[in-house]
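Spelled out, the chains give:
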Amino acid sequence: MAIREILTDKDPVLHKKCHSVTQFDQRLWDLIDDMRATLEDAGGAGLAAPQVGILRRVVVLMDENDEMLELVNPELIAQEGEQDGLEGCLSVPGLWGYVKRPQKVRVKAQDRKGAWFEAGGEGIVARCFCHEIEHLDGHVFTERVDHIYTSEEIEQLWEEEEKGN
């Protein structure tokens, strides 16, 4: 397993639509293993293949039990409710924004060997599914926000919230 470089928002690869995975072989398994190691090293909640320069529909993310899920060719099949929450991204370091997402989602995906399965989540996990799948279509969360906050601005907002409580 290798730690791969995480591309930043300025890289054109992040703004391209990914291709479906059709070969479930050692090359895919190596990519998934590298993405797992890269996500663990970065301390993020999810990582999509284009963030490491690969235009394939592959995602790894943490579920509600802090287990890493591997999703190949994922697609949202159900969503309900709504939440408005703060998001960041490993490809947009130090910047944050409030994004509306479904409260609960269900996805269909393939595993590293090509077998189909379903997974889902609520709250932050639902947010992560949506965020990472959007990467596969060439989108970054900053396209969905009204205002971008720096880490310093976020800390100030949290301090103000604590004083108000």
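See the structure shown above.
The structure presented is a predicted model; accordingly, all values stated were derived computationally and were not measured.

(A) Layout of the nonpolar core. Residues V59, L61, L71 and F129 are the most contacted members of the largest nonpolar core, which totals 17 residues. At the level of secondary structure, the elements contributing two or more residues to this core comprise strand 2 (58–62), strand 3 (68–80), strand 6 (104–110) and helix 2 (124–136). Per-element accounting of this core gives the leading share, seven residues, to helix 2. Residues contacting F129, with those up to four places away along its chain left out, are L61, L69, L71, V105, V107, A119, G120 and G121.

(B) Spatial organisation of the sheet that holds strand 5 (residues 92–101). Here three strands make up an open sheet; going across it, the order is 4-5-8 and the pairing antiparallel. Across the chains shown, the open sheet's two edge strands, defined by having one partner strand only, are strand 4 (83–89) and strand 8 (149–150). With six bridges connecting them, strand 4 and strand 5 associate as antiparallel partners. Pairing of L86 across the sheet is with Y98, part of strand 5.

(C) Molecular detail of the packing of aromatic side chains. Tallying each qualifying case throughout the model produces one aromatic pair. With a centroid separation of 5.9 Å and an interplanar angle of 85°, the aromatic rings of Y98 and Y149 are classed as edge-to-face. Taken together, the positions of Y98 in strand 5 and Y149 in strand 8 put the pair 51 residues apart, joining distant regions of the chain. Looking at K108, its charged tip hangs above the ring of W116, at a distance of 5.0 Å from the centre.

Calculation criteria
Residues numbered from 1 in each chain as written. Predicted model: local features only at pLDDT ≥ 70, side-chain atom pairs only at ≥ 80, totals over all residues. Heavy atoms only, no water. Core = buried A, V, L, I, M, F, W, Y, C linked by side-chain atoms within 4.5 Å. Buried < 20%, exposed > 50% of the residue type's maximum accessible area, 1.4 Å probe, protein only. Helix = DSSP H or I, 4+ residues; strand = E, 2+ residues; numbered from the N terminus. Contact = heavy atoms within 4.5 Å. Pairing = 2+ DSSP bridges. Phe/Tyr/Trp six-rings, centres within 6.5 Å; stacked < 30°, edge-to-face > 60°. Lys NZ or Arg CZ within 6 Å of the ring centre and 35° of its normal.

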